[in-house]
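# Chains, contacts and geometry: an overview
One letter stands for each residue in the lines below.
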Amino acid sequence: NKHFPVLVKAAKTLGSYQLRNRATVVGNICNASPAADMAGPLLVLGASVLAGNESGGREILLKDFFLGVKKNALEIGEFVKAIKVPAYFRDAKSGYIKASRIKGHDLGICNVAMCRVNGTLKVSIGSCAITPVLLPDFDSIKINNKLVIDTALKSINPIDDIRGSKDYREHLVKVFINRLLAKGNSH
């Protein structure tokens, strides 16, 4: 909570209290849901997955881990040994906002995570494409809300479903980016 508060904030939105006491972060990302609550914060923190099997292992950047809805980059026989978050992101200013139909345990209609470290702004969006989306890095000194929002809207492809419409998801992306930028991505 002290060094990576965005992870704690997102984890508190994951499922119900009972589920959070049984579930794992690894399970959340291996499920490869576009709405995975932990994916966005881990993406903006530059995380990678340490995957392995009986004959060795490899490191996969999380941004390359999600291949589609319920599809990840693990090969047959591989499992996730660990998730690695670079110390570089320790104490970075960060934020996370999620909207769901009901409080607590519903899949997100939209979520946005943001991290600002050493002049770079990183932004991810969930539930608005077939995978969680990590936007290209922004120069946080020259950044403006319009640039981030325009880039976000060009990078996502939300659908209409029972949880929300495409238009509503696009609206939430704009609102959440504005809110997180207004807060300065503070802890």
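Cut-offs used in this document
Residues numbered from 1 in each chain as written. Predicted model: local features only at pLDDT ≥ 70, side-chain atom pairs only at ≥ 80, totals over all residues. Heavy atoms only, no water. Helix = DSSP H or I, 4+ residues; strand = E, 2+ residues; numbered from the N terminus. Contact = heavy atoms within 4.5 Å. Buried < 20%, exposed > 50% of the residue type's maximum accessible area, 1.4 Å probe, protein only. Salt bridge = Lys/Arg side-chain N within 4 Å of Asp/Glu carboxyl O. Phe/Tyr/Trp six-rings, centres within 6.5 Å; stacked < 30°, edge-to-face > 60°.

### Thoughts on the side chain of S140
With respect to the secondary-structure elements, S140 resides in the loop between β10 (138–139) and α6 (145–155). When near neighbours in sequence (up to four residues on either side) are disregarded, S140 contacts R116, G119, T120 and L121.

### Concerning the environment of F79
Here F79 lies in strand β5 (residues 79–84). The partly exposed category is assigned to F79, whose relative accessible area is 43%. Here the alpha-carbon distance between F79 and S127, two residues 48 residues apart in the chain, equals 25 Å. Each residue touching F79, except ones within four places of it in the same chain, is listed here: L50, A51, G52, N53 and L74.

### Overview of the pattern of salt bridges
Considering all chains together, one arrives at 9 salt bridges under this definition. E75 is paired through a salt bridge with R58; the nearest N and O atoms lie 3.9 Å apart. Here the residue E75 occupies a position in the loop between β4 (71–72) and β5, and R58 occupies one in strand β2 (residues 56–61), the gap between them amounting to 17 residues. Between E78 and R58 there is a salt bridge; the shortest N-O distance is 2.8 Å. Of this pair, E78 sits in the loop between β4 and β5 while R58 is found in strand β2, placing the two residues 20 residues apart along the sequence. Given the relative accessible area of 14%, E78 is considered buried.

### A closer look at the packing of aromatic side chains
In the structure shown here, the tally under the stated rule is 2 aromatic pairs. With centroids separated by 5.6 Å and ring planes inclined at 80°, the aromatic side chains of F65 and F66 adopt a geometry described as edge-to-face. F65 gets classed as buried once you look at its relative accessible area, which sits at 0%. Consider the rings of Y88 and F89, whose centres lie 5.0 Å apart with planes at 90°: the pair is edge-to-face.

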